Amino acid sequence: MRKLMLGVAAVTCLAGAVPAQAKNNSPAPASGPIACSLSDLNVTTLDCSGFYSGNLLSNATRDEQFAGLKDVGFTWDKNFTGLEAAGLKYNLTDSKTVGLHQTLTGITFLGIHFGGGGPNGVGNGTGFYKIDAGSSLTSFLVKFQGISNIAIYSTGNVAPPPPPAAVPEPAMWALLISGFGLIGAAARRRKRTAAFA
C-alpha cells in the first residue's frame with residue numbers, strides 16, 4: 001500500500017511539472033517561449049499558433065505556414081509568390097511597434113517572425129495569429145523583441161451585415177391580392193347563403 005501511495009505521489013509530481021502548452025502542431029520543435037499567447041499583440045487576438053522554430057515566412061515553408069494558419073482557423077491557398085507580389089510579406093526593423101504597409105480591417109490572419117531579441121525575445125520563432133483589426137488598423141504593438149518580418153494572409157473578413165427585411169416580388173404581390181380576393185368572395189357567398197336560409 002505504501003509503495004502504491006509513493007507511486008501515485010511521484011506521478012502527481014511529474015504531472016504537475018509538465019507545463020501547459022497552447023497549440024503547436026509544427027513538426028519543428030518550439031523555441032523561446034513554449035507557446036504564443038493571446039496577449040502577444042495589443043490588438044484583439046482571437047487565436048494564435050506557435051511559436052514554431054525558425055522563420056516559416058518563406059516560399060520554402062508553405063506547408064508549415066499552411067499548418068500554422070489552419071490551427072488558427074484559416075485555409076490558405078499556399079500562394080506565397082502572390083503574397084509577396086501583393087506586398088503582403090515584408091521585413092520589419094526590430095521594434096515593438098509594427099507599422100503596417102496597408103490598412104487591416106475585420107478578421108485578419110497574419111504570421112510574425114521573431115529573430116534574436118535579447119532577454120525579452122522569442123529566439124528564432126514564428127507565430128500565426130487571428131486578430132480582429134476593427135475598421136482601420138495601421139499599427140500595433142508586440143510584447144517581444146527581435147521582430148524581423150510579417151505576412152498578412154487575409155484581411156477584411158468582416159461578418160456580413162444581416163440581410164434586409166424581405167420585400168415581396170411582384171408575382172408574390174399578385175398571388176397575395178388574388179388570395180385576399182378569393183377569401184372575400186368566399187365570405188360574401190357564405191353571407192348570402194346564410195341570408196336565404
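What this report covers is the structure whose coordinates are included nearby. (Residues numbered from 1 in each chain as written. Predicted model: local features only at pLDDT ≥ 70, side-chain atom pairs only at ≥ 80, totals over all residues. Heavy atoms only, no water.)

### Considerations on the environment of asparagine 79
Move 1: If you trace the backbone, asparagine 79 turns up in the loop between helix H2 (62-71) and helix H3 (80-85).
Move 2: Residue asparagine 79 is classed as partly exposed on the basis of its relative accessible area of 39%.
Move 3: In this structure, the C-alpha to C-alpha distance between asparagine 79 and arginine 62, residues 17 residues apart in sequence, is 8.1 Å.
Move 4: A polar atom in the side chain of asparagine 79 sits 2.8 Å from the backbone nitrogen of glycine 82. (Helix = DSSP H or I, 4+ residues; strand = E, 2+ residues; numbered from the N terminus. Buried < 20%, exposed > 50% of the residue type's maximum accessible area, 1.4 Å probe, protein only. Polar contact = N/O pair within 3.5 Å; in protein donor to acceptor, adjacent residues only side chain to side chain.)

### Some details on the packing of aromatic side chains
Move 1: Evaluation of the coordinates by the stated rule reveals 8 aromatic pairs.
Move 2: Measuring from ring centre to ring centre gives 6.5 Å for tryptophan 76 and phenylalanine 80, while their planes differ by 85 degrees; the resulting arrangement is edge-to-face.
Move 3: With a relative accessible area of 1%, phenylalanine 80 lands in the buried category.
Move 4: Sitting over the face of the ring of phenylalanine 66, lysine 78 holds its NZ or CZ atom 4.8 Å from the ring centroid. (Phe/Tyr/Trp six-rings, centres within 6.5 Å; stacked < 30°, edge-to-face > 60°. Lys NZ or Arg CZ within 6 Å of the ring centre and 35° of its normal.)

### Focus on the side chain of asparagine 149
Move 1: Within the secondary structure, asparagine 149 sits in strand E7 (residues 147-157).
Move 2: Those residues in contact with asparagine 149 that sit more than four places away from it in its chain are Asn55, Leu57, Lys89, Tyr90, Asn91, Leu92, Gly111, Ile112 and His113. (Contact = heavy atoms within 4.5 Å.)

### Here's the deal with the nonpolar core
Move 1: Ranked by internal contacts, the top residues of the largest apolar core, which has 24 residues, are Leu100, Ile112, Tyr129, Ile131, Phe140 and Ile150.
Move 2: Counting 13 residues, the second-largest nonpolar core is a separate cluster that includes Tyr52, Leu56, Leu69 and Phe74. (Core = buried A, V, L, I, M, F, W, Y, C linked by side-chain atoms within 4.5 Å.)

By themselves these figures say nothing about function.
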